[in-house]
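Commentary on secondary and tertiary structure
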Amino acid sequence: MSKFLFFDTETTGNTPDDFLCQIAYKNGDEIFCELYKPSVPIPPEASAVHHITNKMIADKPAFRESGDYSKLKELFENPEIISVAHNAKFDLNMLKKEDIEPKNVICTLRLARYLDKENKIPRYNLQFLRYYLDMDIDAQAHDALGDVKVLEALFVRLKNKVVAECGGDEEKALEEMLAISARPSLMNIIPFGKYVGKTVEWIVGYDCNYLEWLLAEKTKNPVDEEDWIYTLKHYLKK
C-alpha cells in the first residue's frame with residue numbers, strides 16, 4: 001500500500017520571487033509543522049492570510065540551513081511516497097526553489113475539478129470545499145497544519161469517488177489520480193469578466209473572439225495560468 005504524505009506550505013507570496021516560511025505535513029501518525037526564515041521579508045498582504053509575521057520567524061533558520069531539511073528532502077523524494085497537496089503546482093514550485101522535487105504527486109484541486117462533471121461547484125479552493133462539502137473538521141483556516149487536516153479529509157472523499165468510478169479497483173484508481181494530477185485541468189466555467197458563470201463551451205459558439213483575446217492575455221503572463229491556457233487551446237482547437 002502506498003504511503004500518502006499530505007502537505008501544505010505557507011509563503012511570502014505567490015510570485016516567482018517568493019519563498020516558503022512554513023511547511024506542515026501528515027505522514028501516517030506523524031504530524032510535522034515548522035516555521036523558517038525566508039530570504040525575503042513577509043509582506044503584510046501575506047501575513048493577513050496566514051498570520052505569520054516577520055517577528056515570528058526572526059530567530060528561525062532558513063529552510064535549507066535547518067536541521068529538518070535533509071529529512072524533508074529524503075521524505076518528499078522517496079519513490080515509495082505519494083505527496084498530496086491542494087493546487088499542488090504552487091507548493092511544488094516552492095519546494096523546487098529549495099531543491100526538493102517529489103517523485104509522485106496527487107493534486108486534490110485537479111481531482112475536484114475532474115470529478116465535478118456537472119459543474120455544480122462554484123469554487124474549488126480548499127476552504128470553500130471544506131464548507132461546501134460540509135466536512136466537519138477542527139482545523140484553523142490558512143494555517144499550514146490546519147490546511148493539511150482539511151486536505152486529508154478532502155482527499156479521502158475524492159479518492160472514494162475515483163475508486164467507485166474504477167469499479168472498486170484501488171490500484172487502478174491510484175493510477176488514475178496520478179494521471180489526472182499530472183495534466184492541466186480542463187476548466188468549464190468562466191469565473192470572471194463579462195461572461196462570468198457561462199461555460200467555455202457556450203462562449204466558443206457565441207463569442208469566439210473573446211476566448212481568442214483571453215488566450216492572448218493569459219499567454220502574456222503564463223505563471224499559474226497553465227490550466228486556462230490548456231482549456232482555451234482545447235476549445236479553440238489550437
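Look above for the structure.
The residue numbers shown here count from 1 along each chain, following its written sequence. Side-chain atom pairs in this predicted model are given and counted only at pLDDT of 80 or more, local residue features only at pLDDT of at least 70, and totals for whole chains, interfaces and linings cover all residues. Note that the side-chain values use all heavy atoms of the structure and ignore hydrogens as well as water.

1. Re the environment of Gln127
Secondary structure follows DSSP: runs of H or I at least 4 residues long count as helices, runs of E at least 2 residues long count as strands, and numbering of each begins at the N terminus. Within the secondary structure, Gln127 is located in helix 6 (residues 126-132). By relative accessible area, which is 9% here, Gln127 ends up buried. Residues Gln127 and His51, spaced 76 residues apart in sequence, show a C-alpha to C-alpha distance of 16 Å. Definition of a polar contact: a pair of N or O atoms within 3.5 Å, with one able to donate and the other able to accept a hydrogen when the atoms are protein atoms, and with sequence-neighbouring residues admitted only if both atoms are side-chain atoms. In terms of polar contacts, Gln127 uses its side chain to reach the side chain of Asp147, at 2.8 Å. Exposure classes here rest on a 1.4 Å probe applied to the protein chains alone. A residue is buried below 20% of its type maximum, exposed above 50%, and partly exposed in between.

2. A closer look at helix 8 (residues 170-182)
Helix span, expected: 1.5 Å multiplied by one less than the number of residues in the helix. With 13 residues, helix 8 ought to run about 18 Å at 1.5 Å a step, and its terminal C-alpha atoms sit 18 Å apart, in line with that. The criterion used for residue contact is that any of the two residues' heavy atoms lie within 4.5 Å. Considering only its buried residues, helix 8 is in contact with strand 1 (3-11), strand 4 (81-85), strand 5 (105-107), helix 5 (108-115) and helix 7 (144-165). For helix 8, the capping residue at the N-terminal end is Asp169, with a side-chain oxygen 3.2 Å from the backbone nitrogen of Glu171.

3. What about unusual backbone geometry?
Phi at Asn119 is positive, roughly 55°, even though this residue is not glycine. What makes Asn119 partly exposed here is its relative accessible area of 28%. One non-glycine residue with positive phi stands out, namely Lys237, at about 60°. Within the element layout of this structure, Lys237 appears in the segment after helix 11 (226-235).

4. Overview of the pairing of strand 4
Burial within strand 4 is extensive, with five of its five residues counted as buried. Criterion used throughout: strands pair if DSSP finds at least two bridges between them. Sheet analysis places strand 1 next to strand 4, joined by four bridges and oriented parallel. In the sheet register, Phe6 faces strand 4, and the bridge partner there is Val84. Two elements, strand 4 and strand 5, share three bridges in a ladder whose sense is parallel. Among the inter-strand pairings, Val84 is bridged to a residue of strand 5, identified as Ile106.

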